[in-house]
Amino acid sequence: RHGLPRELVAENQRGRIAAGMIAAVAEHGYQEATMARICAAAGVSRRTFYERFDSKEACFEETYEIIASHLRSEAREASRTERSWPTRVRARIGAALDVLAANPDLARFALIAPPRAGAAIAARFRAAMEETLEELTADLPKSLARRRPSRRAEHAILGGGVTLIVAKVEAGEGERLRELLPDLTELALTPYLGRAEAARIAAGAPAGKP
């Protein structure tokens, strides 16, 4: 498994360029991912790049959307057979970790580089965090919604989870991201279930009655 969405492994220039963008940004950061580095990683000429994309930013944005869509799809599929919201959250987090662990460059590209890449790219990262919260809480049952924290608190919780992922990737342990599943699940569920029940779900137990 390489963790890349099908769109980026297809044998076409647009996919190759997007994959090259991921590799260059993951290694150098967005600002230092020059056109020369992106094209070298993609194995295409600068002319070919501009035949497919209007700009470096346009390529980044399209590639980011592909990754975000891939993560959502994998998370939804993984949680499809889970019967309770807490176990669906655990399954979604686990699926995302599996994708990122299969190719830690995706985490470097999608989670580490954007906040350091300037206003426009950082804004897309913040929008992605909002989309992630929507995905995780879209099917929150009414019985738990009354305990829902403020949106600011939810963003802080999600930010804490991202920080754990980033720290593991930057420590060279990106392939072991699955190890974070219990901690991230407990972090995500504690505001809704309380610490004891969240820890029980995080350890793999089925959800009790809310």
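Everything below is about the structure printed above this text.
What counts, and where the lines are drawn
- Residues numbered from 1 in each chain as written.
- Predicted model: local features only at pLDDT ≥ 70, side-chain atom pairs only at ≥ 80, totals over all residues.
- Heavy atoms only, no water.
- Phe/Tyr/Trp six-rings, centres within 6.5 Å; stacked < 30°, edge-to-face > 60°.
- Buried < 20%, exposed > 50% of the residue type's maximum accessible area, 1.4 Å probe, protein only.
- Helix = DSSP H or I, 4+ residues; strand = E, 2+ residues; numbered from the N terminus.
- Lys NZ or Arg CZ within 6 Å of the ring centre and 35° of its normal.

1. Topic: the packing of aromatic side chains
Inspection of every chain in the model, using the stated rule, returns seven aromatic pairs. Judged by centre distance (5.7 Å) and plane angle (40 degrees), the ring pair of Phe49 and Phe53 falls under tilted. Like Phe53, Phe49 is buried. Seen from their ring centres, Trp85 and Tyr192 are 5.1 Å apart, and the 75 degrees between their planes marks the pair as edge-to-face. Pair noted here: Trp85 is in helix α6 (residues 85–102) and Tyr192 is in helix α11 (residues 181–193), with a separation of 107 residues, a long-range link. Taken together, Tyr30, Phe60, Tyr64 and Phe109 form an aromatic cluster joined through their ring pairs. Between Arg14 and the ring centre of Phe53, over which it is positioned, the NZ or CZ distance is 4.3 Å. The residue whose ring lies beneath Lys56 is Tyr30, and the NZ or CZ to ring-centre distance is 4.2 Å.

Remember that the coordinates give geometry; whether it matters functionally is a separate question.
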